[in-house]
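As a plain string of letters, each chain reads:
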Amino acid sequence: MRQGTARAPSPPATARGGVRVVTVEPGGLHADGSAAHAGKTRILLVYGEHGRELITVEAALALLADLASPDRALAAADAPGRAGAPALADALRNTVFKIVPMENEGGRALVERGALCERKNGRGVDPNRNWGVDWGKKEPDYDPSEEYGGEAPFSEPEAASLRTLAASFVPHAWINAHSGMEALFMPYDHVAATPTGASANATLALLSVLNAAHCGGRCAVGSGGASVGYLAHGTATDYMADVLGVPVAMTWEVYGDPKATFEDCVRMFNPETAADVADVATRFADAVFHVVEALPGHPGVEKGVNAQIAMAEAAAAAAAARGEPPLLPGSRAARKLGAVAANLGAGPPAWLAVAGVVGLAAAAGLAWRGVKRPPADAAKQQRRRVAATED
């Protein structure tokens, strides 16, 4: 970083066995739940929620690489319409990132073994239908092979651990990366409507700016329910907005090939050449940095310990009203701190350079370009009814 020193982030830590989380704090790493975090912008980003959406994990790795060596991202911030490298550097020093590079490891493993159209986890549940808002509602075209929501809200470790993490971290922004089309969505998914008010209007304006700067104006912009062509129930983004009160909740669809056949899920959801993979991953890493610049001036973003406590306690009350278990286990003092380590029963984290995290991720098989298509007859056996677009 040109100004200041980037400190080492956490290695991927698994929240209750559900997801691996990387913490990055460019201004100097502090313990989870510290007063320093309460005074900074907090962003929670999730990639790889659906197994077949391989490109989203590449976007996560591109973001981590840029956070480790931000010169490229800082230079991009000098483009017309951006805040400039000094402003981005300052914003980064006042931001904490929680990044989940691959939420659905079970579904990804199935894809790498040849089930190329699989979006669900290793237990046959769609992690993005397992959340508590409007869970279990079925549209006339409901297909359990695509979007089975599980036996109950938060029955799956992916959704359950992310819910606990988000309730503890209390993010100002949530970004859930998908592929299958080019779109930048805000709530809601379960109804064809968009929230109203100054905060929602500012989010919609931000999405329009991101579309022009990073999507070439091709992305659909608006609420998922009003734009994607179908309603989705039990999604993460609606829960973040409606229950946890995250001010800026977004779903980004980073790539889609509308000409691909249903049988060719690799092509439908992922670019095929190394150059196209790099282009998509870099553009949407830059989009994250653009959000970092914009959030401090967003009317829905409130900072400070009191705002964090109020949001956490409101989320706990909303969960209780829905008959769900407490969002934040432990005492009121632990809730006030929002301490992830206390809530998850974790010990003090051991810090690791982000370059090491990227190296470990590659060694663990996150790079996907070695995935091979099966023969044509096998592909037919794996056929899934895949929507032309999806969230």
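These notes cover the structure that comes with them. (Residues numbered from 1 in each chain as written. Predicted model: local features only at pLDDT ≥ 70, side-chain atom pairs only at ≥ 80, totals over all residues. Heavy atoms only, no water.)

1. Some thoughts on the overall build of the protein chain
Scanning the protein chain for helices and strands turns up 17 helices and eight strands. For the protein chain, buried positions account for 55% of its 391 residues. The long-range fraction of contacts in the protein chain, counting pairs at least 24 apart against all pairs at least 6 apart in sequence, stands at 79%. Carbon and sulfur atoms form 56% of the exposed surface of the protein chain, whose accessible area is close to 14,600 Å². (Helix = DSSP H or I, 4+ residues; strand = E, 2+ residues; numbered from the N terminus. Buried < 20%, exposed > 50% of the residue type's maximum accessible area, 1.4 Å probe, protein only. Contact = heavy atoms within 4.5 Å. Areas by Shrake-Rupley, 256 points an atom, 1.4 Å probe, with all protein chains shown as cover.)

2. Overview of the side chain of Asp66
The residue Asp66 is located in helix α2 (residues 54-68) in this model. At 2.6 Å, the side chain of Asp66 and the side chain of Arg72 are in polar contact. Discounting chain neighbours no more than four positions away, the residues touching Asp66 are Arg72, Ala73, Ala285 and Phe289. (Polar contact = N/O pair within 3.5 Å; in protein donor to acceptor, adjacent residues only side chain to side chain.)

3. Overview of the packing of helix α8 (residues 198-214) against helix α12 (residues 274-294)
In contact at an axis separation of 10 Å, α8 and α12 are set at 145° when each is read in the N-to-C sense. Note on packing geometry: the crossing formed by α8 with α12 is right-handed. Contact residues: α8 offers Leu206, Val209, Leu210, Ala213 and His214, while α12 offers Arg283, Phe284, Asp286, Ala287, His290, Val291 and Ala294. Looking at the contact of α8 with α12, its residues break down into eight nonpolar, two polar and two charged. (Axes fitted to C-alpha atoms, helices over the stretch in contact; angles between N-to-C directions. Left-handed = near helix turned anticlockwise from the far one by under 90°. Nonpolar A, V, L, I, M, F, W, Y, C, P; charged D, E, K, R; others polar.)

4. Some words on the state of the cysteines
This model, assessed by the stated rule, comprises two disulfides. Between the sulfur atoms of Cys117 and its disulfide mate Cys265 the distance is 2.0 Å. Judged by the torsion about the S-S bond (95°), the Cys117/Cys265 disulfide is right-handed. You can see Cys117 sitting in the loop between α5 (105-112) and α6 (144-147) and its partner Cys265 sitting in helix α11 (residues 265-269), a full 148 residues away along the chain. Each of the two residues, Cys117 as well as Cys265, counts as buried. Covalently, Cys215 is tied to Cys219 through a disulfide, its sulfur atoms 1.9 Å apart. In this structure, the disulfide formed by Cys215 and Cys219 twists by about 75° around the S-S bond and is classed as right-handed. For Cys215, a relative accessible area of 1% translates into the label buried. Given a relative accessible area of 6%, Cys219 falls into the buried group. (Disulfide = S-S within 2.5 Å.)

5. Some points on the packing of helix α4 (residues 85-93) against α12
The angle between the axes and the distance between the axes are what describe a pair of packed helices. Packing of α4 against α12 leaves a shortest axis separation of 9 Å and a crossing angle of 80°. Between α4 and α12, the angle falls in the class roughly perpendicular. Residues Leu88, Ala91 and Leu92 of α4 form the contact with α12, whose participating residues are Phe289, Val292 and Glu293. (Parallel < 35°, antiparallel > 145°, perpendicular 65-115°, else oblique.)

6. Points about the nonpolar core
Core analysis: the largest hydrophobic core is formed by 51 residues, its most contacted members being Leu45, Tyr47, Leu63, Phe97, Ile99 and Trp252. For this core, the leading source of residues is α12, giving 10 residues. In terms of nonpolar packing, the next biggest core, distinct from the first, is built from 23 residues, Val46, Val100, Tyr239 and Val246 among them. (Core = buried A, V, L, I, M, F, W, Y, C linked by side-chain atoms within 4.5 Å.)

7. Some points on α8
In this model α8 runs 24 Å from its N-terminal to its C-terminal C-alpha over 17 residues, within 8% of the 24 Å that 1.5 Å per residue would give. Among the residues of α8, Ala200, Ala202, Thr203, Leu206, Leu207, Leu210, Asn211 and His214 are the ones counted as buried. Looking at the buried side of α8, the elements it contacts are β6 (181-186), β7 (220-223), β8 (248-255) and α12. Looking one or two residues past α8, Gly216 carries a phi angle of roughly 60°, positive in sign. (Expected span 1.5 Å × (residues − 1).)

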